[in-house]
Every structure is written in C-alpha cells, then in structure tokens.
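Summary of the model geometry
Chain residues, written in single-letter form:
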Amino acid sequence: AAMRSSKKAKNANEPPVVPYSLPIIGSALEYGKDPVNFLLANQAKYGECFTLILGGQKATFFLGPDGNHFLFNVPLANASAEGVYRTLTVPVFGAEVVYDVENAVFMEQKKFVKDALNTTAFRSYVPMIWEETVNFLKEWKENPGTLNIFEEMSELTIRTAARCLLGKEVRSQLHSNVAKLYHDLDAGLAPINLVFRWLPLPAYINRDRAHKIMTDLFTRILRERRANNDTNNQDLMQTLMNSRYRDGSVMSENAIAHLMIATLMGGQHTSSTTVSWILFELSRRPDVVAQLLEEQSKVLTGKPDTPVDQLPAFDYEQLREFAFLDCVMKETLRLHPPIHTVMRKVTKPLNYKGFHIAEGTLICGAASVSQVDPARFPNPTKFEPSRFINNDEGAGEWTIGGVDIAQKSARSHFLPFGAGRHRCIGEAFAYTQIKTIVSIILRKYSVKLPISPKTGEPVFPKPDYTSLIVLPQKPAELVVTPRA
Ligand code: HEM
C-alpha cells in the first residue's frame with residue numbers, strides 16, 4: 001500500500017500529459033504537422049509545462065521565458081543534447097567531434113570555431129560574399145520572373161559559406177564538387193533517418209560516400225599545408241590546425257575535417273531559410289524595402305536618395321551600420337525561427353516548479369512559441385521590424401561552458417540562437433552573410449509574391465516542418481524583377 005501511494009504521489013507531481021487518441025504515436029502527427037500552433041493551443045489549456053507523447057516517448061515542454069531559461073541552462077549532470085542528436089549527426093559530421101565527444105571537449109571545439117569567426121575574418125569575408133553573390137546573380141536571366149527562391153538561396157549560401165569558411169584550396173573546386181557533396185551529406189540529416197537508420201538505402205550510401213570524399217579532401221589539403229609550411233591563412237582550417245585543447249593537445253586530422261563539415265552544415269539551412277523568409281516578408285512590405293535602401297544610401301553616401309545603381313560597394317564596418325536591416329533580420333527570426341524546438345534527454349531526474357521530470361524524458365524548449373507571445377510582442381503575427389529598434393533582447397554571447405559574457409539570463413522571450421552551453425556560435429557570421437546577400441539583392445531586384453491562378457490572391461508560403469529546420473513550403477516562389 002505504501003508503494004502504491006508513493007507511486008501515485010509521484011505521478012501527481014508530473015506535468016499534465018496532453019490527451020491523445022493514437023496509441024504509441026500519441027500526439028506526434030499533430031505536433032509534426034504544425035508544432036508551433038499545436039504548442040500554443042496546449043499552452044492555453046495546460047500552462048507552460050506539459051508532456052506530449054511523441055512516438056511512445058514522453059516529451060515535456062517548458063514554454064515561456066522561465067521555460068526557456070530552465071531548458072537552456074539545464075545542468076550537464078541532468079540532461080544531454082547528444083542523447084537526442086547523436087544518432088542523426090555522427091554519420092554526417094563524422095567521429096571525434098560535436099555530439100560524438102564528451103561535452104567538455106565539444107565546448108573547446110566550439111571555442112576553436114568561434115575564434116575563427118572573428119572581426120578580422122569578417123572584414124575579409126564581406127568582399128568574398130559580395131563577389132560570390134554578384135556572380136551568382138549574373139546567372140539569373142535578365143528578367144528572372146518566378147523563381148523558387150529557397151532553392152536559389154540554398155545554392156548561393158553554399159557558395160558564400162564554403163568560400164569564406166573552407167579556404168583557398170577548396171574554392172577552386174567549389175562549383176564542381178562541394179555543393180553536390182553537401183547535398184548528399186545533407187540527405188543524411190533528414191529525420192526519416194532516425195526510423196530507417198539500419199537499412200542500406202541509397203541515401204546512406206551517398207551520405208557515407210560524400211562524407212568520405214569531403215574528409216579526404218580536407219585531410220589532403222591539411223597535409224599539403226603542413227608539408228609546405230603554408231600557415232599564413234585566415235580560415236577555419238588554419239585556426240583549427242593552430243588550436244590547442246587546454247591540456248595542450250591538438251585536434252586530429254579527422255577531427256579537423258569533421259568539425260569543418262559540421263560547421264558548414266550548422267550554417268547552411270539556417271541561413272538559406274532565413275534569407276528566403278526575409279525576402280518573402282519584404283515582398284509584402286515595399287515601405288520596409290524603401291527604408292532599407294535609404295539606410296544603405298545614408299550610410300554609404302551620406303545622402304538618403306542616391307539612385308540604387310550608383311550605390312558603392314560596402315565593407316564590413318559599413319555593413320554593421322545597416323541597423324534597420326538588423327531589425328528586419330531579427331523580426332524575421334522572431335516569426336520564422338529556423339529551429340522551432342530544441343531537445344535534451346534527461347539522464348538524472350529534474351524538478352521544475354514542483355513538477356518531477358523522470359530520467360529518460362525528452363525535455364524541450366520552443367522559443368518559437370515565446371516569440372509570438374502577445375504579452376511581449378503585441379499583434380504578434382504582424383511583421384514589424386521597428387519593434388527591434390533600440391532593443392537588444394536575447395541571451396548574450398556564447399562562452400566556453402555556456403556562461404553568458406553579458407551575464408544575461410536566458411529568461412527571455414526572444415532566443416532564435418538559443419542560450420547557454422549549446423548556444424549558437426554562428427550568429428555573427430550569419431548576420432554578416434545574410435545582411436550582405438539581402439543588401440545586394442534589394443539593390444538589383446524588386447520581389448513580389450506570385451498570384452494563385454485559383455484564388456487570384458498572392459501566395460505566401462506556409463512553414464514546412466518536415467525537416468529539422470523550418471523551411472518555406474515548396475514551391476516557395478517569388479516573382480523577381482530588375483529595378484528600373
Ligand atoms: C547552435 C540557430 C547559424 C553553428 C544553434 C542553436 C540554435 C541555432 C537555436 C542551439 C541549438 C540547441 O540548443 O540545441 C541558428 C540560426 C542561424 C544559425 C537561427 C542563422 C540564422 C549558424 C551558423 C553556424 C552555426 C552560420 C556556423 C558557422 C552552430 C553551432 C551550434 C549552433 C556549432 C552549437 C550546437 C551545440 O552546442 O549543441 N544554432 N544558427 N549556426 N549553431 Fe547555429
């Protein structure tokens with residue numbers, strides 16, 4: 001009897017479980033189809049902490065600023081990210097890095113990558129991104145018309161990111177090789193791989209082949225650099241070659257190659273989907289586009305109305321002064337955060353506001369939900385970049401161990417780059433790359449939504465939640481016309 005009552009007491013302390021009608025599958029279909037709205041509906045019914053059954057697994061959500069703070073700062077002793085992400089990522093990134101190593105080692109690896117993404121590097125990247133973008137746009141027809149803008153921006157970001165991050169040797173092989181290899185590797189990251197991971201499907205054969213070719217390519221370059229004493233490079237590979245763990249050891253050749261792959265992959269869909277959503281949002285807001293062009297004109301010529309075809313190129317310092325463009329990117333990330341849910345697996349029971357969270361539970365945070373809280377963002381579904389003027393809400397910068405430099409907590413509504421030890425290290429690079437691309441496109445083209453032949457209404461793409469990163473649903477089209 002004692003046992004029964006203690007069990008009952010324990011259950012009573014667990015977060016409410018959202019009812020479901022399908023055994024095992026639970027709420028996976030509803031959650032998978034439209035996670036943000038499903039979570040919002042459950043938040044209205046059950047509050048900010050509740051459990052979904054997703055494919056037989058308990059997934060407890062912690063919503064709102066308190067929930068964000070709890071999830072992003074959950075102690076390492078209680079929960080791990082690798083418990084969730086390891087199976088999917090290790091075949092793609094490779095061994096010895098990221099979720100294949102102890103968290104303390106990965107934290108040092110993140111610091112190495114962050115060291116490579118510094119101001120000096122960004123100064124050299126802006127002209128490279130400029131050149132890649134201008135060359136890419138030359139491949140568009142004179143009057144491009146209707147384009148699948150997400151596909152176009154994916155191709156462009158592979159080129160710009162690879163050019164900046166992978167170094168001079170890869171640059172020459174870029175258009176032939178790396179983009180194709182990237183696609184094969186990327187197919188290995190689709191969530192479906194969690195279900196069929198032991199079958200010899202063609203996608204895995206391509207994935208493993210692409211992984212090996214990329215690793216071999218990077219390893220060969222690395223050895224050539226060592227043999228030729230070629231160390232005067234400002235790129236990620238060189239930074240990783242020069243980096244030392246705190247115990248004085250260096251990264252292995254494989255680890256360097258794999259961390260380069262992981263970095264490239266971490267930035268690809270996140271960036272290409274963000275550029276695309278920015279363009280989709282701007283297609284409905286000619287007033288915002290006019291403000292952005294005026295901002296470029298003011299920063300670059302001192303006058304508000306220099307004709308777009310007479311605007312000069314910009315450098316990194318000038319790009320940083322495009323402050324309203326920062327607001328446009330933030331507002332886009334508020335409404336279209338590429339990562340809608342982050343997950344950890346509980347390794348030792350936790351307590352949250354009196355709720356008992358058992359070992360083995362998936363614990364989840366969703367800044368995508370707090371970012372549309374009307375209490376913090378009035379009229380939350382409206383795209384209004386001016387909300388972010390003079391507002392630096394967020395969670396500081398990532399530092400080793402995940403302590404914020406700015407001592408800001410993660411008790412925030414707005415966290416598109418996460419917080420704590422797993423916080424993004426690519427934010428500054430993403431801003432540099434995305435702001436450069438958008439600034440160039442807006443000078444040359446105006447963008448409009450296509451009109452549906454059925455309804456006669458403009459078509460704004462819905463979010464597609466079927467892959468790990470939220471993408472604009474296909475065909476993700478914009479009508480692109482050259483500025484007069
Ligand atoms: C982590 C978002 C671009 C590399 C994260 C996390 C988020 C995020 C939410 C935390 C994940 C978690 O807590 O589980 C974004 C967004 C981007 C972006 C919105 C662009 C708009 C990039 C870029 C890079 C990058 C360009 C590489 C250059 C990473 C890495 C981590 C990370 C290495 C750490 C993962 C971990 O510690 O577990 N990012 N990211 N990201 N991101 Fe980004």
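Residues numbered from 1 in each chain as written. Predicted model: local features only at pLDDT ≥ 70, side-chain atom pairs only at ≥ 80, totals over all residues. Heavy atoms only, no water.

The secondary structure content of the protein chain amounts to 19 helices and 12 strands. Its C-alpha atoms give the protein chain a radius of gyration of 23 Å, within 12% of the compact-globule value 23 Å for 484 residues. For the protein chain, the spread of C-alpha atoms along the principal axes amounts to about 85 × 60 × 45 Å. Within the protein chain, the proportion of its 484 residues that are buried is 54%. Of all intrachain contacts in the protein chain linking residues separated by at least 6 positions in sequence, the fraction that spans at least 24 positions is 73%. (Helix = DSSP H or I, 4+ residues; strand = E, 2+ residues; numbered from the N terminus. Rg over C-alpha atoms; globule rule 2.2 N^0.38 Å. Buried < 20%, exposed > 50% of the residue type's maximum accessible area, 1.4 Å probe, protein only. Contact = heavy atoms within 4.5 Å.)

Looking at the iron atom of the ligand, one finds just one donor atom contributed by the protein, C424 (SG), at 2.3 Å. Structurally, C424 is set in the loop between α18 (367–370) and α19 (427–444). (Donors = N, O, S within 2.8 Å, 3.2 Å for Na, K, Ca; no water.)

So, about the site of the ligand. Lining the immediate surroundings of the ligand are 24 residues, of which Y99, K110, R344, H422 and C424 lie closest. Contact distances for the ligand include 2.6 Å between an oxygen atom and a side-chain N or O atom of Y99. One of the side-chain nitrogen or oxygen atoms of K110 is found 2.7 Å away from an oxygen atom of the ligand. Residue assignment for the shell around the ligand shows that the elements contributing at least two residues are α6 (103–116), α14 (253–283), β5 (342–346) and α19. The leading source of residues in the shell around the ligand is α14, at 5 residues. (Near = heavy atom within 4 Å. Polar contact = N/O pair within 3.5 Å; in protein donor to acceptor, adjacent residues only side chain to side chain.)

A few words now on the nonpolar core. Of all hydrophobic cores here, the largest spans 111 residues; its most connected members are Y125, M153, F218 and L282. Looking at this core, the element that brings in the most residues is α14, giving 15 residues. Those residues in contact with F218, other than ones at most four positions away along the chain, are L166, V170, M237, A257, M260 and I261. Membership of the second largest hydrophobic core comes to 19 residues, among which are V36, L39, L54 and L362. (Core = buried A, V, L, I, M, F, W, Y, C linked by side-chain atoms within 4.5 Å.)

Right, let's get into the pattern of salt bridges. Applying the stated criterion across every chain, the model contains 30 salt bridges. Notably, a salt bridge pairs D235 with R225, separated by 2.9 Å at the nearest N-O pair. Here the residue D235 occupies a position in the loop between α12 (202–227) and α13 (236–242), and R225 occupies one in helix α12, the gap between them amounting to 10 residues. R225 shares its class with D235; the two are buried. Between D287 and R285 there is a salt bridge; the shortest N-O distance is 2.9 Å. The exposure class assigned to D287 is partly exposed, which follows from its relative accessible area of 40%. (Salt bridge = Lys/Arg side-chain N within 4 Å of Asp/Glu carboxyl O.)

Now for the environment of L217. By the element assignment, L217 lies in helix α12. The spacing of L217 and V178 is 39 residues in sequence and 9.9 Å in space, taken between C-alpha atoms.

Overall, mixed pairing links the 5 strands, which are arranged β1-β2-β8-β5-β3 in an open sheet. For this open sheet the edge positions go to β1 (49–54) and β3 (79–80), each flanked by a neighbour on one side alone. Summarising the sheet, β5 and strand β8 (residues 362–365) pair through 4 bridges and their orientation is antiparallel. Its bridge partner lying in β8, K345 is registered against L362. In this fold helix α4 (residues 64–72) packs onto β2 (57–62), β5 and β8, with an angle of close to 120 degrees to the strand it touches most, β2. Sitting on the sheet, helix α5 (residues 82–93) is in contact with β3, β5 and β8, with an inclination near 115 degrees to β5. (Pairing = 2+ DSSP bridges. Axes fitted to C-alpha atoms, helices over the stretch in contact; angles between N-to-C directions.)

Take the side chain of N391 next. Its place among the elements puts N391 in the loop between α18 and α19. Each residue touching N391, except ones within four places of it in the same chain, is listed here: K330 and R376.

On to the sheet that holds strand β9 (residues 445–448). Taken together, 3 strands build an open sheet; the order of strands is β4-β12-β9 and the sheet is antiparallel. Two strands close off the open sheet at either side, each with one partner strand: β4 (145–148) and β9. Neighbour-to-neighbour, the strand axes of the sheet open up by a mean angle of 40 degrees, direction not taken into account. Against the sheet, α14 touches β9 and β12 (477–482), its axis set at about 70 degrees to β12.

Taken as a whole, this structure holds 23 aromatic pairs when the rule is applied. With a centroid separation of 6.1 Å and 20 degrees between ring planes, the pair formed by F50 and F61 is classed as stacked. Pair noted here: F50 is in strand β1 and F61 is in strand β2, with a separation of 11 residues, a long-range link. The ring of F377 has R334 lying over it, and the distance from NZ or CZ to the ring centre is 4.9 Å. (Phe/Tyr/Trp six-rings, centres within 6.5 Å; stacked < 30°, edge-to-face > 60°. Lys NZ or Arg CZ within 6 Å of the ring centre and 35° of its normal.)

On the surface, a nonpolar cluster with roughly 260 Å² of combined accessible area is contributed by L22, I25 and L29. Relative to the helices and strands, L29 is located in helix α2 (residues 28–33). (Patch = residues over 30% accessible without salt bridge, like charges linked within 9 Å, V, L, I, M, F, W, Y side chains within 5 Å. Areas by Shrake-Rupley, 256 points an atom, 1.4 Å probe, with all protein chains shown as cover.)

Time to look at unusual backbone geometry. Negative phi values dominate among residues other than glycine, just as trans dominates among peptide bonds. With omega at 5 degrees, the peptide bond leading from K474 into P475 counts as cis. Note that P475 resides in the loop between β11 (471–472) and β12. The phi dihedral of N390 falls on the positive side, at around 55 degrees, and the residue is not glycine. Positive phi is not limited to glycine here, since A476 has a value of about 45 degrees. Following the sequence through the fold, A476 ends up in the loop between β11 and β12. Residue classification places A476 among the buried residues on the basis of a relative accessible area of 3%.

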